[in-house]
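Observations on the three-dimensional arrangement
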Amino acid sequence: MRPCISKIFEWHLGFRKFSSAKYMILHGSRDTLGLRSGHVDGSTLKMFSTSCGTLSEDAIKNNHVSDMLVDSFGRQHTYLRISLTERCNLRCQYCMPAEGTELTPSKELLSTNEIVRLANLFVSSGVHKIRLTGGEPTIRKDIEEICLRLSNLNGLKTLAMTTNGIILERKLPSLKKCGLSLLNISLDTLVPAKFEFMSRRKGHERVMKAIDAAIELGYNPVKLNCVVMRGFNDDEICDFVELTREKPINVRFIEFMPFDGNVWNVKKLVPYSEMLDRVVKRFTGLQRIRDHPSETAKNFRIDGHQGTVSFITSMTEHFCAGCNRLRLLADGNFKVCLFGPSEVSLRDPLRHGVDDNELKEIIGAAVKRKKAAHAGMFDIAKTPNRPMIHIGG
């Protein structure tokens, strides 16, 4: 067996071994790894370079996932991201090309009934978490109905949403009543002028109000997604961390990723190691949280802070070995890897009258073709892929 495949099996089975030379030994708490030095050197960074959690054998045995959701490397896919629309009320530079992008005609997008039918196929097969994305999901007129129907699917444990927050404040009370249980709000800057420059629209104040409204409604934590770009907002990293001091906010710093039309350049990339170094120099008592093996983020808490800080290291330290995510795009295409160009339509066979068993065969075949890991960032930058607004955030 090839080494990379062997490692994936070890991760999946919960037997992943940690070398004492590469990973920190737990001190005192079973939940955190301490980082209290004032800087991050190469050896220290390695201590925080991977997920800290493992799955027990009992957890795997009790996790009822059908073969449809298990790929050829043994990874179980229990998390489905559904893009509800390609439309958005912002024009963020890393998401949409400056000249705009051609949108799929409305009649070619999945209807509410089609979304619910496909979602039920996944949930009945073992998916227990669904995240609604876009475009901007809140601009869909039937968003409350979609949330209500999905949250009532038997077996679904978590219904989440990623939103830009522009119109969230007035919709959130009804969305919560309709079963929306987790919330990520995208915010790349705390400076209104920068917000307008990056998103090509106004609205910073409305996003900040949406964050406060979410906290008041009891979302804990409220997750903030921040794409860090050198020369634009990398000087605000510690300002974002400061938000976690008094509020139950999880700030998630995301490495800048290449997609069609977003003019990705490695010079704009601020790697995890550099972001972590800036945080450590400013804040004391940083502790690594024990993550679930399928967690995409490296999570930390800081002494005296209500909230937490996370880093999503897709470019410099990918987490493909524990990937449990699948994507259903607004046009009905099914995508097994964010960075892979391969897609298969579920809309077309659905509209041609195939039954659920045939749809499951199509889904299972696509999952089985999923690769062990995505390509490196320079290869990704050269690989044709859709703009992020088409794929779904």
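Every value quoted in this text rests on a predicted model; they were computed, and no experiment measured them.

Definitions and limits used
- Residues numbered from 1 in each chain as written.
- Predicted model: local features only at pLDDT ≥ 70, side-chain atom pairs only at ≥ 80, totals over all residues.
- Heavy atoms only, no water.
- Helix = DSSP H or I, 4+ residues; strand = E, 2+ residues; numbered from the N terminus.
- Contact = heavy atoms within 4.5 Å.
- Areas by Shrake-Rupley, 256 points an atom, 1.4 Å probe, with all protein chains shown as cover.
- pLDDT = per-residue confidence, 0-100.

A short note on the overall build of the protein
Each helix and strand counted, the protein has 14 helices and 13 strands in total. Partitioning the contacts of the protein with sequence separation of at least 6, the portion at a separation of at least 24 is 75%. When the accessible area of the protein is evaluated, it comes to approximately 17,500 Å², of which 52% is carbon and sulfur surface.

Description of unusual backbone geometry
For the bond from G134 to G135, the omega torsion is 25°, close enough to zero to count as cis. When you line up the elements, G135 lands in the loop between β3 (129-133) and α5 (143-151). Here the residue pair N220 and P221 is connected by a cis peptide bond, since its omega of 5° sits within 30 degrees of zero. You can see P221 is positioned in the loop between α8 (204-216) and β6 (222-228).

With respect to the confidence of the model for the protein
Scored by pLDDT, the protein comes out at a mean of 81, with 74% of its residues at no less than 70. Across residues 1-38, where pLDDT falls below 50, the model places 86 contacts with residues more than four positions away in sequence or in other chains. Contacts from residues 51-61, a stretch scored under 50 in pLDDT, to residues over four places away or in other chains number 31 contacts.

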